[in-house]
Amino acid sequence: MSRIKFASGDRMFFMLVLVLVFAGLAIFSSATLGLLARENSSVSKDILLQAGLGFGLGFLALFFTRTISLALMRRLAPYIYTVTLLFTALVFVPDIGLTAHGATRWIDLGFTTVQPAEFLKIGFVLMLAWWLAPRARMLSDPKKGLFPFILMLAFPSALLLAQPNTSTVFLLLATGAVMYFSAGAPWRDFGIIGLIVLVVLGIFILARPYVLERITTFIDPRADALGSGYQIQQSLIAIGSGGLLGRGFGQSAEKFNYLPEPDGDSVFAVFAEETGFIGALVLLAFFIAFAARGIVIAGRSPDLFGGLLALGFSFIIIFQTFINICAMLGIIPLTGLPLPFVSHGGTALMATLLMCGFILNVAAHRRSV
């Protein structure tokens, strides 16, 4: 076993993480240049926070979670979940939580903001793996499987919907469902959960005007091209302008005055404009390889807890990736979810690297095949 493999847990997975992190930092830096032309922007501060908070602290967190034992991780899972729930609830405390664009999702630290929901994703996966592992053979009984599972989904969902943060709710629901059925739940429950999700979605479409607006914009983005449909229209223009090989790295035109949030939700559109179809395809290939390796690690886990952990974190990262990219391509409604490893947000990058640390931890304890 090589030193790199011993230190990381899985050399191939660790190398894929490094590629995505350094590529993401380069893509983010290029996209952030578009903010130079916009009022009240501080490009150097944005890059510094992304590199320092996300990259620096993120890798420290990765190596920390890589080194702790799986047994300790299992014991601490309920406590970590509780802490992340309470941390997320702090956004509602006056003078601590920050409201922007009609949502209360951030904690203001003065020099930057933190989005606790990113860490709630970690606590949720840990808690669900901890709960499912010893109950895998009892999930056919609704009283021991489906009903408690729905209750576990309800707490974080209610907290996130109050912010509101609907997109993260559906991300957690999808991740939870994948882990639940991978643990051996009967397919009978799939229909029940699907029906509940449809009912909840219908209620929110009626109760939250912005959800309905995103759906109508998705159906016909040209109906309000200068309003709700502006971002997707500019995103498609940017991606289309890239052609096969792109304008050249750093040469995006859309990021300067047209594309909203070029370093955030729309960062993939900037990258596709600069590197073209080939560059976008290569980036997507790295994400798919990352997720595939994570699933392989999950399959080689010595126990169900570790397997569910690696599966949950791999799925939540790749699913969020596809949601972001599909939204920029107009395949699904806009969600506001960032592109993992790439989009603006030191908190998001640090949380993603934490997840990678957990996956590498599982890899270090895998059985040989």
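Here the structure is a predicted model, which means the values were calculated and not measured. (Residues numbered from 1 in each chain as written. Predicted model: local features only at pLDDT ≥ 70, side-chain atom pairs only at ≥ 80, totals over all residues. Heavy atoms only, no water.)

1. Things to note about the overall build of the chain
Here's step 1: Within the chain one finds 14 helices and three strands.
Here's step 2: Looking at the chain as a whole, 50% of its 369 residues qualify as buried.
Here's step 3: When the accessible surface of the chain is summed, it comes to about 16500 Å², and 70% of that surface belongs to carbon and sulfur atoms. (Helix = DSSP H or I, 4+ residues; strand = E, 2+ residues; numbered from the N terminus. Buried < 20%, exposed > 50% of the residue type's maximum accessible area, 1.4 Å probe, protein only. Areas by Shrake-Rupley, 256 points an atom, 1.4 Å probe, with all protein chains shown as cover.)

2. Focus on the packing of helix 13 (residues 304-328) against helix 14 (residues 346-364)
Here's step 1: The interhelical angle for the contact between helix 13 and helix 14, taken along N-to-C directions, is 145 degrees, at an axis separation of 9 Å. Between helix 13 and helix 14 lies a crossing of left-handed hand. In contact with Gly306, Leu309, Ala310, Phe313, Ser314, Ile316 and Ile317 of helix 13, helix 14 contributes Thr352, Met355, Cys356, Phe358, Ile359 and Val362. (Axes fitted to C-alpha atoms, helices over the stretch in contact; angles between N-to-C directions. Left-handed = near helix turned anticlockwise from the far one by under 90°. Contact = heavy atoms within 4.5 Å.)

3. Focus: the confidence of the model for the chain
Here's step 1: This prediction gives the chain a mean pLDDT of 85; 89% of its residues lie at or above 70.
Here's step 2: In this model, residues 1-6 is a region of pLDDT below 50 whose contacts with residues beyond four sequence positions or in other chains number eight contacts. (pLDDT = per-residue confidence, 0-100.)

4. Comments concerning the pairing of strand 2 (residues 103-108)
Here's step 1: In terms of residue burial, strand 2 counts as a mostly covered element, since five of its six residues are buried.
Here's step 2: In this structure, strand 1 (residues 97-100) lies alongside strand 2, joined through four bridges in antiparallel fashion. Of the residues in strand 2, the one forming a bridge with Gly97 is Ile107.
Here's step 3: Across two bridges, the pairing between strand 2 and strand 3 (residues 113-114) is antiparallel. (Pairing = 2+ DSSP bridges.)

5. Things to note about a nonpolar patch on the surface
Here's step 1: A cluster of nonpolar side chains, contributed by Val19, Leu244, Leu245, Phe277, Ile278, Leu281, Val282 and Phe286, occupies part of the molecular surface with about 710 Å² of accessible area.
Here's step 2: Tracing the sequence through the fold places Leu245 in the loop between helix 10 (230-242) and helix 11 (254-257).
Here's step 3: The exposure class of Leu245 is exposed, given its relative accessible area of 63%. (Patch = residues over 30% accessible without salt bridge, like charges linked within 9 Å, V, L, I, M, F, W, Y side chains within 5 Å. Salt bridge = Lys/Arg side-chain N within 4 Å of Asp/Glu carboxyl O.)

6. Quick word on the packing of helix 8 (residues 188-207) against helix 9 (residues 209-219)
Here's step 1: Relative orientation of the contacting elements helix 8 and helix 9 amounts to 100 degrees, with a least axis distance of 5 Å. Considered as vectors, helix 8 and helix 9 are oriented roughly perpendicular to each other. For the pair helix 8 and helix 9, contact is made by Phe204, Ile205 and Ala207 and by Pro209, Val211, Leu212 and Ile215, respectively. (Parallel < 35°, antiparallel > 145°, perpendicular 65-115°, else oblique.)

7. Considerations on the side chain of Ser167
Here's step 1: Along the chain, the position of Ser167 falls in helix 7 (residues 166-182).
Here's step 2: Non-local contacts of Ser167, meaning those with residues more than four positions away in its chain, are made with Thr335 and Leu337.

8. Considering the sheet that holds strand 1
Here's step 1: Pairing is antiparallel in the open sheet, where three strands are placed in the order 1-2-3. Edge strands, defined here as strands with exactly one partner in the open sheet, are strand 1 and strand 3.

9. Side note on the pattern of salt bridges
Here's step 1: Under the defined criterion, the tally for this structure stands at six salt bridges.
Here's step 2: Note that Arg293 and Asp10 form a salt bridge whose closest N and O atoms lie 2.9 Å from each other. You can see Arg293 sitting in helix 12 (residues 267-299) and its partner Asp10 sitting in the loop between helix 1 (3-8) and helix 2 (11-32), a full 283 residues away along the chain. Accessibility classification places Arg293 together with Asp10 in one group, the buried group.

10. Side note on the environment of Val169
Here's step 1: Summarising the element assignment, Val169 is placed in helix 7.
Here's step 2: In this structure, Val169 is in contact with Ser157, Leu160 and Leu161, ignoring residues within four places of it in sequence.

11. A closer look at helix 10
Here's step 1: In this model, helix 10 (13 residues) spans 19 Å end to end at C-alpha, consistent with the 18 Å of a helix rising 1.5 Å per residue.
Here's step 2: Packing partners of the buried residues in helix 10 comprise helix 9, helix 11, helix 12 and helix 13.
Here's step 3: In the segment just after helix 10, Gly243 is the residue with positive phi, at about 60 degrees. (Expected span 1.5 Å × (residues − 1).)

12. A few points about the environment of Thr32
Here's step 1: Here Thr32 is to be found in helix 2.
Here's step 2: Take Thr32: its relative accessible area is 0%, and that puts it in the buried class.

13. As for unusual backbone geometry
Here's step 1: Each neighbour pair has its own omega, and for Gln163 with Pro164 the value is -5 degrees, a cis peptide bond.
Here's step 2: Within the element layout of this structure, Pro164 appears in the loop between helix 6 (146-161) and helix 7.
Here's step 3: With a phi angle near 70 degrees, Asp95 is a residue other than glycine that sits in the positive phi range.
Here's step 4: Mapping Asp95 onto the fold places it in the loop between helix 4 (70-89) and strand 1.
Here's step 5: Accessibility expressed as a relative area gives 82% for Asp95, which makes it exposed.
Here's step 6: Backbone geometry places Phe341, a non-glycine residue, at a positive phi of 75 degrees.
Here's step 7: Checked against the element boundaries, Phe341 lands in the loop between helix 13 and helix 14.
Here's step 8: Taking relative accessible area as the criterion, Phe341 reaches 3% and is therefore assigned buried.

14. So, the packing of aromatic side chains
Here's step 1: Summed over the entire model, instances satisfying the criterion amount to 13 aromatic pairs.
Here's step 2: Between the aromatic rings of Phe87 and Phe119, the centroid separation amounts to 6.2 Å while the plane-to-plane angle is 45 degrees, which identifies the pairing as tilted. You can see Phe87 sitting in helix 4 and its partner Phe119 sitting in helix 5 (residues 117-132), a full 32 residues away along the chain.
Here's step 3: Assessed through its relative accessible area of 28%, Phe87 is described here as partly exposed.
Here's step 4: Ring geometry for Phe313 against Phe358: centres 5.4 Å apart, planes inclined by 20 degrees, an arrangement best described as stacked. Residue Phe313 is located in helix 13, and its partner Phe358 is located in helix 14; the two are separated by 45 residues in the primary sequence.
Here's step 5: On the basis of relative accessibility, which here comes to 0%, the residue Phe313 falls in the buried class.
Here's step 6: Residue classification places Phe358 among the buried residues on the basis of a relative accessible area of 5%.
Here's step 7: What links up through ring pairs into an aromatic cluster is the set Phe149, Tyr180, Phe181, Trp187 and Phe190. (Phe/Tyr/Trp six-rings, centres within 6.5 Å; stacked < 30°, edge-to-face > 60°.)

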